[in-house]
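# Results of the structural survey
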Amino acid sequence: MNSIEDGNKQTSINNGNSNTPAPSDANSNQPPNNKERENWASGLEFLMSCISVSVGLGNIWRFPFTAYENGGGAFLIPYIVVLFLIGKPMYYLEVLLGQFTSKSSVKVWSICPSFIGVGIGQAYAGVTVLTYYSSLLALTLYYFIASFYNPLPWSYCREEWGSNCVDSNSKATNGDNYTSFNDRPTSSSEMYFIKQVIREYDDISEGIGLPSWRLTLALFVAWLTTFLVIVRGVKTAGKAAYFLAIFPYVILITLLIRAVTLDGAIDGIIFFLKPNWSELLNLKVWKEAVVQCFFSLAVGLGPIVMFSSYNKFNHNSHRDAIIVTSLDTVTSLIAGITIFGILGNLAHNLNISNIDEVVRSGTGLAFISYPDAIAKFNGVPQLFAVLFFIMLFVLGIGTLVAQANTLVAILCDHFKWMKAWMVALATSIGGFLCGIIYVTPAGQWILNLVDYYGATFVIFGLALFQIIGVAWVYGLQNFCDDVEFMSRMRVSFYWRICWAVITPLLLLFIFVYSMAELKTLQYAGMDYPESANIAGWVLLAIGFVQFPLWFIWTTTSNCGGSLWNALQKACSPSDEWGPSNPDVRKQWLMFKTEAQEKRNAKLKSDNSSSLFWRKVKNTFFSST
């Protein structure tokens, strides 16, 4: 295995022990069973598709409360630092892998076959997200239908909800005179969500209960919509992306304007933006910034690799990566200001001084706080409610379509005989059946458990191996040569130093800290039963074990000689690595040879320092 200073040993076209023949035999270098991959109709479709998956529900309900719970305005500093040192480099890396090979997130590991478990583990995490994400869309559709009622059903209290319930358009009179969180004044929007919509159990030990038929029907509609988009392939998904990416901003900006004009909104916004500087020294804040960055950008799940695999080989993906990652952050900030403006107004109406006690975080943020604000609209609140929940559905469907398409691409790439429409149908049916468990009275408990164990830590951990496999096993210089050939411009020092040093070190440090500080999961301040925690650890283990198992299998399957030779072969690029077009592949092989010869000549002519430092300088600063 090579490191950043050794571009010669690992470069497949120059290594006599590698699987890839030399350039002189380029005609035999065509990937087996290759077929022309469908492309986006235009580069703008790719950009819009990336926006539709990266700008989603995570920006609306996850980012604001993550920020508050980790220092308020001070969280923005770690978040932006993490964005530049981890988020952007990882996002651009995934775009490049997909575009260079025209393959899905599992097949791209022809770059280093022993690391294929990373791709499989990420696919597993994507499936876990796929199972519960659709249930959020079911809730959205439920509220969409309810938005046509006059008055809005969440705007007023029912007698059976108790005396602490406060209509969304009225004020509490008992203020802060309550002894516990459960005794506080509760808005009718929160009571409606808990008592009427999800009918939530107070304790999961009671069992999961029967699914709501209304939510089950809404879940079916969500998956039917997803199927109709993905069944026609990338061209249909690309056309839909224009609407999926642009429409939510129209509604979000409208809601922002309304939120900042509400009574008490300024208090909530200050609460969100006011820094708590002491939190900058809290490692938990930095960990949460990384988790939010991955969740928001959809890094480590496969959709970015999948989308970019349909790009034309010479597409300007650098520009798109910068646009999407920057727009994602701006959207999160807009959503944060909007949600805390609404919470400030909600605290004003409930006569509560501590905004963090107004409403629970999590799913309830989108389905309690926003509806509560809409109920206060002076004119036609039904219209704004309908538009808002259409926006939420559009945001969610963009992510769901992307994740479902990722699974379809993985299966179709691996099993060439499969028809895409059959895989899309099977994925939709399977997703619907798995999603039913989340529309039971214990659904939010299970969603929290699956998200925590089956997605968050798996995605986070495998991302570390992902960047190590590319930058250190395949080799930074090798990868930068590939990018330079594809983009016709040199990879800047910023990307090189992040991929090779800064990003993996930060990921390693934060991941070790996260595992060391791992605590028993809670939901709304309540502990899970032991059996649920065991099930969670099983979910986590299934995701993590993919990498070592496939590493061992790939290495032992190449044991034709010594263990070291088998390890080298398993960590060398396979015949399938490289551009899929045969003509482009020939040019790539010649380019790699010429680039290596130039570097070798430069190393010999430069005697200003030791060989090691000359190689480091060549890797990070010199052009090929």
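The structure displayed is predicted, hence computed values, not measured ones. (Residues numbered from 1 in each chain as written. Predicted model: local features only at pLDDT ≥ 70, side-chain atom pairs only at ≥ 80, totals over all residues. Heavy atoms only, no water.)

## So, the UniProt feature "binding site: Na(+)" (unreviewed entry) in the protein
The condition is simple: UniProt positions are given in the numbering used here, feature names are shortened, and annotations may be inferred rather than shown by experiment. Strands are runs of DSSP state E lasting at least 2 residues, helices are runs of H or I lasting at least 4, and numbering of each runs from the N terminus. Classification of residues uses two cut-offs on accessible area relative to the type maximum, computed with a 1.4 Å probe and protein chains only: under 20% is buried, over 50% is exposed, and between them is partly exposed. The contact criterion used is simple: two residues touch if any of their non-hydrogen atoms lie within 4.5 Å.
Feature annotation in UniProt places "binding site: Na(+)" (unreviewed entry) on Val55, Asn59, Ser296 and Leu395, given in this structure's numbering. Spanning 341 residues, the named residues form one tight spatial group whose C-alpha atoms are at most 12.0 Å apart. Its location among the elements puts Asn59 in helix H3 (residues 57–69). A relative accessible area of 1% places Asn59 in the buried class. With sequence-adjacent residues up to four places away left out, Asn59 is seen in contact with Ser54, Pro64, Ser296, Asp328, Thr331, Ser332 and Ala335. Take Leu395: it is sitting in helix H14 (residues 381–414). In contact with Leu395, not counting residues within four places along its chain, are Ser52, Val55, Gly56, Leu57, Ile60 and Pro248.

## Here we look at the pattern of salt bridges
To be explicit about the condition: The salt bridge criterion pairs a side-chain nitrogen of Lys or Arg with a carboxyl oxygen of Asp or Glu, the two atoms within 4 Å.
Summed over all chains, the structure comprises four salt bridges. The partner of Glu576 in a salt bridge is Lys107, and the shortest N-O contact between them spans 4.0 Å. Residue Glu576 is located in the loop between helix H19 (563–570) and helix H20 (582–605), and its partner Lys107 is located in the loop between helix H4 (76–101) and helix H5 (116–146); the two are separated by 469 residues in the primary sequence. Given the relative accessible area of 23%, Glu576 is considered partly exposed.

## Quick word on the packing of helix H10 (residues 283–297) against helix H16 (residues 443–487)
This is how the line gets drawn: The axes used here are C-alpha line fits, helices contributing only the stretch in contact, and every angle between their N-to-C directions lies in the interval 0 to 180 degrees. Comment on the angle field: the value is read as roughly parallel under 35 degrees, roughly antiparallel over 145, roughly perpendicular from 65 to 115, and oblique elsewhere.
Here H10 crosses H16 at 95°, and the two axes come no closer than 11 Å. Between H10 and H16, the crossing angle belongs to the class labelled roughly perpendicular. Across from Lys287, Val290, Val291, Phe294 and Phe295 in H10, the residues of H16 making contact are Asp451, Thr456, Ile459, Phe460 and Ala463.

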